[in-house]
Amino acid sequence: MRFTNKVFKYTGRAYASRIGLLLIDTLFAVLSLFLAAWLRQNFVVPGALDLFYNLILLVLPFRILSFRIFRTYAVILDTGGLFNIVQVINTVLAGSLLNFVGVLLLRYIGITLSLSVVVIDFFILTILMAGYRMILPYLLRRNRQDNREPILIIGAGKLGLLTKQLMDHDQHVLYRPVAFVDENPDLINKYLDGIPVIPMAQIGAYSETKAIFAIRNIAPAKRNELVDACLVHQIQVLKVPPV
């Protein structure tokens, strides 16, 4: 049984995803170091290659060590978020500090390497890794949304926004929020979290879809009025977020 569990652990989709992300981060580290050397040498390729070759054997092991310590490969890319960005900054900073100390120690034994490249490398690698983690969730959600059924969220308050975010981030949800329905004049015809806020009078543009209530403590009479308006346009009203 233990052997079987280990086989599933190291051949599963999640493990492959982690290995893939670690490889991408390692490639980013190599690319970042070359770009830093290229900038330091004023875009002269032969000089940049000399700097790159001198630093790669010091920089790359520390980078991979920092990836391992901070587990940058063990993240949920579908959700993105501030945590992933902070994790990237901490990881790159730790690796750069190790590289900085390593360069200083090598100078004591007569080996002189560029400290400025290490500094430039920190900023470039942070941008590459953080940018990848910000863009990928959007691309994943966009690709998944193409296959999901559109749905309206009735209510553009906190509960409505939370409902949309849950639908966006949960890969098992079968519906794609396309608009909020709300009568707040401060929100109508504006965008909230990437989708428009429309008044009830405009729901006809989304006929034959579905809708979900995301309003707390709504009066029964008002709720019935909204349901009737939806039914006129053949919009099925759901009670809870479908999964």
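Before any of the text, the structure's been laid out above.
In this report, the structure presented in the accompanying data block is examined. (Residues numbered from 1 in each chain as written. Predicted model: local features only at pLDDT ≥ 70, side-chain atom pairs only at ≥ 80, totals over all residues. Heavy atoms only, no water.)

### Thoughts on unusual backbone geometry
- We note that Asn 189 has phi near 65°; this positive angle belongs to a residue other than glycine.
- Secondary-structure assignment places Asn 189 in the loop between strand S2 (175–181) and strand S3 (191–192).
- Assessed through its relative accessible area of 59%, Asn 189 is described here as exposed.
- A positive phi angle, close to 55°, is found at Asn 217, a residue other than glycine.
- Residue placement: Asn 217 occurs in the loop between strand S5 (210–213) and helix H7 (220–232).
- Its relative accessible area of 80% is what places Asn 217 among the exposed residues. (Helix = DSSP H or I, 4+ residues; strand = E, 2+ residues; numbered from the N terminus. Buried < 20%, exposed > 50% of the residue type's maximum accessible area, 1.4 Å probe, protein only.)

### A closer look at the side chain of Asp 121
- Position of Asp 121 among the secondary structure elements: in helix H5 (residues 115–145).
- Within the local environment of Asp 121, its side chain forms a polar contact with the backbone nitrogen of Leu 33, the two atoms lying 3.3 Å apart.
- Setting aside its immediate chain neighbours within four residues, Asp 121 contacts Ala 29, Ser 32, Leu 33, Ala 36, Val 59 and Arg 63. (Polar contact = N/O pair within 3.5 Å; in protein donor to acceptor, adjacent residues only side chain to side chain. Contact = heavy atoms within 4.5 Å.)

### A word on the packing of aromatic side chains
- Counted under the stated rule, the structure contains five aromatic pairs.
- An angle of 80° between the planes, with centres 6.1 Å apart, marks the rings of Phe 34 and Phe 52 as edge-to-face. Residue Phe 34 is found in helix H2 (residues 13–40), and its partner Phe 52 is found in helix H3 (residues 45–70); the two are separated by 18 residues along the sequence.
- Judged by its relative accessible area of 12%, Phe 52 falls in the buried class.
- Between Trp 38 and Phe 43, the ring centres sit 4.9 Å apart and the planes meet at 85°, which makes this aromatic pair edge-to-face.
- A network of ring pairs unites the aromatic residues Phe 34, Phe 52 and Tyr 53 as a single cluster.
- The lysine or arginine in question, Arg 223, covers the ring of Phe 213, its NZ or CZ lying 4.2 Å from the ring centre. (Phe/Tyr/Trp six-rings, centres within 6.5 Å; stacked < 30°, edge-to-face > 60°. Lys NZ or Arg CZ within 6 Å of the ring centre and 35° of its normal.)

### Re the pattern of salt bridges
- Scanning the model with the defined rule gives five salt bridges in all.
- The closest approach of N and O atoms between Asp 193 and Lys 164, which form a salt bridge, is 3.3 Å. Of this pair, Asp 193 sits in the loop between S3 and strand S4 (195–198) while Lys 164 sits in helix H6 (residues 158–169), placing them 29 residues apart in sequence.
- Lys 164 gets classed as buried once you look at its relative accessible area, which sits at 5%.
- Note that Lys 222 and Glu 225 form a salt bridge whose closest N and O atoms lie 4.0 Å from each other. You can see Lys 222 and its partner Glu 225 sitting in helix H7, three residues apart, about one turn around the helix.
- A residue is classified by how much of its surface remains accessible, and Lys 222, at 34% relative accessible area, is partly exposed.
- Among the residues examined, Glu 225 registers a relative accessible area of 47% and is labelled partly exposed. (Salt bridge = Lys/Arg side-chain N within 4 Å of Asp/Glu carboxyl O.)

### Description of the sheet that holds strand S6 (residues 236–238)
- On the basis of which strands lie adjacent, the open sheet formed by six strands has the order S3-S4-S2-S1-S5-S6 and mixed pairing. The sheet is open, and its two edges are formed by S3 and S6, each paired on a single side.
- As judged from the three bridges shared by S5 and S6, these two strands associate in the parallel manner. Note that in S6 the partner of Lys 210 across the bridge is Gln 236.
- H6 contacts strand S1 (149–154), S2, S3, S4 and S5 of the sheet and is inclined by roughly 160° relative to S2.
- Its contacts with the sheet place H7 against S1, S5 and S6, and it is angled at close to 170° to S5. (Pairing = 2+ DSSP bridges. Axes fitted to C-alpha atoms, helices over the stretch in contact; angles between N-to-C directions.)

### Quick look at the nonpolar core
- Counting 16 residues, the largest nonpolar core has Leu 33, Leu 55, Val 103, Leu 113 and Val 117 as its most contacted members.
- Here this core takes seven residues from H3, the largest share from any one element.
- In terms of nonpolar packing, the next biggest core, distinct from the first, is built from 13 residues, Ala 179, Val 181, Phe 213 and Leu 226 among them. (Core = buried A, V, L, I, M, F, W, Y, C linked by side-chain atoms within 4.5 Å.)

### Let's talk about H6
- Between its first and last C-alpha, H6 extends 16 Å over twelve residues, near the 16 Å set by a 1.5 Å rise per residue.
- Among all positions of H6, only Gly 160, Thr 163, Lys 164, Met 167 and Asp 168 are buried. Buried residues of H6 fall within an arc of 130° about the axis and therefore sit on the same side. Away from the buried face of H6 by more than 90 degrees, exposed residues Lys 158 and Leu 166 are located. (Expected span 1.5 Å × (residues − 1). Arc of directions from axis to C-beta.)

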